[in-house]
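One-letter residues, chain by chain:
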Number of protein chains: 2
Amino acid sequence: MKIDPTSSKDLSAQIASAIRDAIVSGAMPVDERLPSEAELADQFEVSRSTVREALKRLAAQSLIRTQRGATGGAFVNRLRYADAYSQQITTSTLLLSMNAVSFETACEARYALERACAPLSATRRTPDHLATMRAEIHRQGQPGLTDEAFCASDVAFHRALVDGAGNPVLSYQLAGAVEAMQPLMNMITFTARSRERIITLHGGIADAIEAQDGGAADAALVELAEYTVALAQSVFEARAAQR
Amino acid sequence: MKIDPTSSKDLSAQIASAIRDAIVSGAMPVDERLPSEAELADQFEVSRSTVREALKRLAAQSLIRTQRGATGGAFVNRLRYADAYSQQITTSTLLLSMNAVSFETACEARYALERACAPLSATRRTPDHLATMRAEIHRQGQPGLTDEAFCASDVAFHRALVDGAGNPVLSYQLAGAVEAMQPLMNMITFTARSRERIITLHGGIADAIEAQDGGAADAALVELAEYTVALAQSVFEARAAQR
DNA sequence: CAATTTTCATTTGTCAGACAATTAAAAGTC
DNA sequence: GACTTTTAATTGTCTGACAAATGAAAATTG
């Protein structure tokens, strides 16, 4: 293997790209062991430090895992849903916070995606999913709950709704959208009355899902979406008037 | 700053986590310069190599960028949609290929998400989006097109449909689902007749979007989804029978 | 012989120091 | 003032070393 030394990119970035391509293309199957750092250094004609920096880049993307010891080394990692989730959430959160995405835009995306899950969830939800949804609704009604805790419970409720669809790919895609909304939701101070309204709407969604009525679930989600946007608007307006 | 030396994780991973948390929490705003590698090494009481490995991890996630020279250093990077797209596509592609996600599951997720975009796209699509969709439909009808080129055009068509919704968050979320499907779609050999059918269905979608008829677009997408699943099933069955 | 312990080789993790490459600011020159 | 040269700061790369982990082989012991 060789690397272009005249490229503008770092050597470690080039090496990481080369190995990444090999993994993504399927040339290196899961659990295959990469050559040792010393061997890679020889092959690419760079120092071991440079190889290590490249490997750390790949490790950050969960593409490889490393193990010390005699039979250790770097191995192609099976990307698990949990790893993919957390990466997606980090990326989505930053994307929203760094690009001044409006509450409306984020909210629209979130509810559009959730509505895509609702009919599937109505058909396939297990008793477990229903129990989680009911439990979160109950928690949301507890007095003395902080806004942050209320929002966290809200996220948990919606995750259960999404997971109910029984499609891991959907769950993975939605995780980012739902979780990344939390910081934006945390900006809203919930009055007792708005909480009550949201809890009622959540109850309606849970009822529809329990009754396996996809249409009703969709309608309830639309109602919740509209209420959320209206609530946010009033909160932001009140805040602007205060100044 | 201090780091737990008894932790099971690598020092570089711990340092990367600490800095990542600072960035994600918003404690370090975009374009803020991190301390130099030497200063970080002092603060965390580790060597410069270890700091560098931590920084490479963050660079791999596009959280920072580095610049050489007197006023250089590592800066908090504004995560752009393009960076987020490509990361999402890499992750989604690996997730599908490494976890033996069935064609049905991936297809269901993709079309469920696209259906979420369709009504928005019908309302907001620009002439540009329509032109792209028409151009890709035309390309798909060209004789002598390889299966790969046909699939690539298919992806481009669906991206235009999604982008038509005018919601960058949706586009970002959908990019992974749509693009990651391509390797799976490439497994299907398209006959002239199946291509013709798909092109007809694409035309129907484009017509509905042009007419700003969300309901018709949704119906056309459902039809396309069903046809795609049926086509895949027949292809896989034929392949199984061949053995 | 079987079970256990010890030794050993391999590999990653960390460190220290050096030099090259790059870059912008500072100093010098006309 | 405009231009050139110098300088200092910073990242990129290399070298060599040692520590820590770990499984396999060898030695030991009953």
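Quick notes on the rules
- Residues numbered from 1 in each chain as written.
- Chains lettered and ligands numbered in written order.
- Predicted model: local features only at pLDDT ≥ 70, side-chain atom pairs only at ≥ 80, totals over all residues.
- Heavy atoms only, no water.
- Helix = DSSP H or I, 4+ residues; strand = E, 2+ residues; numbered from the N terminus.
- Rg over C-alpha atoms; globule rule 2.2 N^0.38 Å.
- Buried < 20%, exposed > 50% of the residue type's maximum accessible area, 1.4 Å probe, protein only.
- Contact = heavy atoms within 4.5 Å.
- Areas by Shrake-Rupley, 256 points an atom, 1.4 Å probe, with all protein chains shown as cover.
- Lys, Arg positive; Asp, Glu negative; His and termini not counted.
- Charge placed at Lys NZ, Arg CZ, Asp CG, Glu CD.
- Near = heavy atom within 4 Å.
- Polar contact = N/O pair within 3.5 Å; in protein donor to acceptor, adjacent residues only side chain to side chain.
- Axes fitted to C-alpha atoms, helices over the stretch in contact; angles between N-to-C directions.
- Parallel < 35°, antiparallel > 145°, perpendicular 65-115°, else oblique.
- Left-handed = near helix turned anticlockwise from the far one by under 90°.
- Pairing = 2+ DSSP bridges.
- Buried area = accessible area lost by both parts, 1.4 Å probe.
- Salt bridge = Lys/Arg side-chain N within 4 Å of Asp/Glu carboxyl O.
- Domains from an automatic or database assignment.
- Disulfide = S-S within 2.5 Å.
- Phe/Tyr/Trp six-rings, centres within 6.5 Å; stacked < 30°, edge-to-face > 60°.
- Lys NZ or Arg CZ within 6 Å of the ring centre and 35° of its normal.
- Nonpolar A, V, L, I, M, F, W, Y, C, P; charged D, E, K, R; others polar.
- 1 Å grid on protein atoms, 1.4 Å probe; cavity = no way out; pocket = protein on both sides within 12 Å on 5 of 7 lines; lining within 4 Å.
- Points joined across faces, edges and corners; volume = space filled by probe spheres on them.
- pLDDT = per-residue confidence, 0-100.
- Least-squares fit on C-alpha atoms with pLDDT ≥ 70 in both.
- Core = buried A, V, L, I, M, F, W, Y, C linked by side-chain atoms within 4.5 Å.

Some thoughts on the overall build of chain A
Part 1 of the reasoning: Scanning chain A from N- to C-terminus turns up 11 helices and 2 strands.
Part 2 of the reasoning: For chain A, the sequential pattern of α-helices and β-strands runs α-α-α-β-β-α-α-α-α-α-α-α-α.
Part 3 of the reasoning: Taken over the C-alpha trace, chain A has a radius of gyration of 23 Å; the compact-globule value for 243 residues is 18 Å, which it surpasses by more than 25%.
Part 4 of the reasoning: Its C-alpha atoms put chain A at 65 × 50 × 30 Å along the principal axes.
Part 5 of the reasoning: Counting all 243 residues of chain A, 52% fall into the buried class.
Part 6 of the reasoning: Partitioning the intrachain contacts of chain A with sequence separation of at least 6 by distance along the chain shows that 72% fall at a separation of at least 24.
Part 7 of the reasoning: As displayed, chain A has an accessible area near 11000 Å², and 52% of this comes from carbon and sulfur atoms.
Part 8 of the reasoning: Computed over 24 positive and 29 negative side-chain charges, the separation of the two mean positions in chain A equals 5 Å.

Considerations on the protein's contact with DNA strand C
Part 1 of the reasoning: Neighbouring DNA strand C are 24 residues, the closest being Arg48 and Arg68 of chain A together with Leu11, Ser47 and Thr50 of chain B.
Part 2 of the reasoning: Each atom of DNA strand C within 4 Å of the protein was classed as base or backbone; sugar and phosphate made up 73%.
Part 3 of the reasoning: Backbone polar atom of Glu37 of chain A to a phosphate oxygen of DNA strand C: 3.2 Å apart, as the coordinates give it.
Part 4 of the reasoning: In this structure, a phosphate oxygen belonging to DNA strand C sits 2.9 Å away from a side-chain N or O atom of Arg52 of chain A.

Examining the packing of helix H6 (residues 127–140) of chain A against helix H7 (residues 147–163) of chain A
Residues and elements named next belong to chain A.
Part 1 of the reasoning: For the pair H6 and H7, interaxial distance at closest approach is 9 Å and the crossing angle is 165°. Regarding the angle of H6 to H7, the classification is roughly antiparallel. Where H6 crosses over H7, the two elements pack in a sense that is left-handed. Residues His129, Thr132, Met133, Glu136, Ile137, Arg139 and Gln140 of H6 pack against Phe150, Ser153, Asp154, Ala156, Phe157, Ala160, Leu161 and Asp163 of H7.

Quick look at the pairing of strand S2 (residues 73–76) of chain B
Residues and elements named next belong to chain B.
Part 1 of the reasoning: Bridge analysis of strand S1 (residues 64–67) against S2 gives 4 bridges, and the strand direction is antiparallel. Residue pairing for S2: Gln67 is matched across the bridge by Gly73.
Part 2 of the reasoning: Once S1 ends, the chain turns through 5 residues before running back antiparallel as S2, passing Gly69 with a positive phi of about 105°.

Observations regarding the interface of chain A and chain B
Part 1 of the reasoning: On the chain B side, the residues contacting the 50 residues of chain A number 49 residues.
Part 2 of the reasoning: Regarding the contact of chain A and chain B, the summed buried area is about 4300 Å², with carbon and sulfur atoms giving 64% of it.
Part 3 of the reasoning: Counting the surface chain A buries against chain B, the share from its top three residues, Leu79, Leu95 and Met98 of chain A, is 15%.
Part 4 of the reasoning: The interface formed by chain A and chain B holds 4 salt bridges in total.
Part 5 of the reasoning: Between Glu53 of chain B and Arg52 of chain A there is a salt bridge, with the nearest N and O atoms lying 2.7 Å from each other.
Part 6 of the reasoning: Among the secondary structure elements, those contributing two or more residues to the side of chain A that touches chain B are helix H1 (11–24), helix H3 (48–60), helix H4 (81–98), helix H5 (103–124) and helix H8 (168–180) of chain A.
Part 7 of the reasoning: A per-element tally of the side of chain A that touches chain B places H4 of chain A first, with 12 residues.

Describing the domain arrangement of chain A
Reports often express the size of an interface as the amount of accessible area lost when the parts come together.
Part 1 of the reasoning: For chain A, the assigned domains are domain 1 (11–76) and domain 2 (81–242).
Part 2 of the reasoning: Taking the mean C-alpha position of each, domain 1 of chain A and domain 2 of chain A sit 39 Å from one another.

Overview of the state of the cysteines
Should the sulfur atoms of two cysteines be covalently bonded, the bond is a disulfide.
Part 1 of the reasoning: Per the stated rule, a full pass over the model turns up 0 disulfides over all chains.
Part 2 of the reasoning: With no disulfide of its own, Cys117 of chain B lies 13 Å from the sulfur of Cys117 of chain A, the closest cysteine sulfur.

Examining the packing of aromatic side chains
Part 1 of the reasoning: This model, assessed by the stated rule, comprises 0 aromatic pairs over all chains.
Part 2 of the reasoning: The ring of Tyr111 of chain B carries the charged tip of Arg110 of chain B above its face, separated from the ring centre by 5.2 Å.

Side note on the packing of helix H5 (residues 103–124) of chain B against helix H8 (residues 168–180) of chain B
All names here are of chain B.
Part 1 of the reasoning: The contact between H5 and H8 brings their axes to 10 Å, and the two run at 145°. For H5 against H8, the interelement crossing comes out left-handed. Residue-level contacts link Arg110, Leu113, Glu114, Cys117 and Leu120 of H5 to Leu170, Leu174, Ala177 and Val178 of H8.
Part 2 of the reasoning: Taken together, the residues of the contact of H5 with H8 break down into 7 nonpolar, no polar and 2 charged.

Some details on the protein's contact with DNA strand D
Part 1 of the reasoning: Taken together, 24 residues form the shell around DNA strand D, and within it Leu11, Ser47 and Thr50 of chain A together with Arg48 and Arg68 of chain B come nearest.
Part 2 of the reasoning: Within the side chain of Arg68 of chain B, a nitrogen or oxygen atom sits 2.7 Å from a sugar or linking oxygen of DNA strand D.
Part 3 of the reasoning: Contact between DNA strand D and Gly69 of chain B: a sugar or linking oxygen at 3.1 Å from a main-chain N or O atom of the residue.
Part 4 of the reasoning: Listing elements by their share of the surface near DNA strand D, those giving two or more residues are H3 of chain A together with helix H3 (48–60), S1 and S2 of chain B.
Part 5 of the reasoning: Within the surface near DNA strand D, the residues separate by chemical class into 5 nonpolar, 10 polar and 9 charged.

Thoughts on the layout of surface pockets
Part 1 of the reasoning: Approximately 1000 Å³ is the volume found for the largest pocket.
Part 2 of the reasoning: Around the largest pocket sit 38 residues that line it, and Lys56 and Thr66 of chain A together with Asp10, Ala13 and Arg57 of chain B are the ones nearest its centre.
Part 3 of the reasoning: Counting residues per element, the ones that place at least two in the lining of the largest pocket are H3, strand S1 (64–67), strand S2 (73–76) and H4 of chain A together with helix H1 (11–24) and H3 of chain B.

As for the confidence of the model for chain A
The predicted coordinates ought not to be read in detail in places where the model reports low pLDDT.
Part 1 of the reasoning: On average, chain A scores 90 in pLDDT, and the residues at 70 or more come to 95%.
Part 2 of the reasoning: Averaged pLDDT values for the elements of chain A fall to 82 in helix H9 (residues 182–186) of chain A and rise to 97 in H3 of chain A.

Some points on the relation of the copies chain A and chain B
Part 1 of the reasoning: Mapping chain A onto chain B calls for a rotation angle of 180° and an axial translation of 0.1 Å; the resulting RMSD is 0.1 Å. Taken together, these values place the two copies in the relation of a two-fold axis.
Part 2 of the reasoning: Mapped onto chain B, 98% of the interface residues of chain A are again interface residues, and the two copies thus contact each other with one and the same surface.

Considerations on the nonpolar core
Part 1 of the reasoning: In terms of nonpolar packing, the biggest core is built from 100 residues, with Leu170 and Ile205 of chain A together with Ile205 of chain B touching the most fellow members.
Part 2 of the reasoning: For Ile205 of chain A, the residues in contact, after removing those within four places along its chain, are Met133, Phe157, Leu161, Ala220, Leu221 and Leu224 of chain A.

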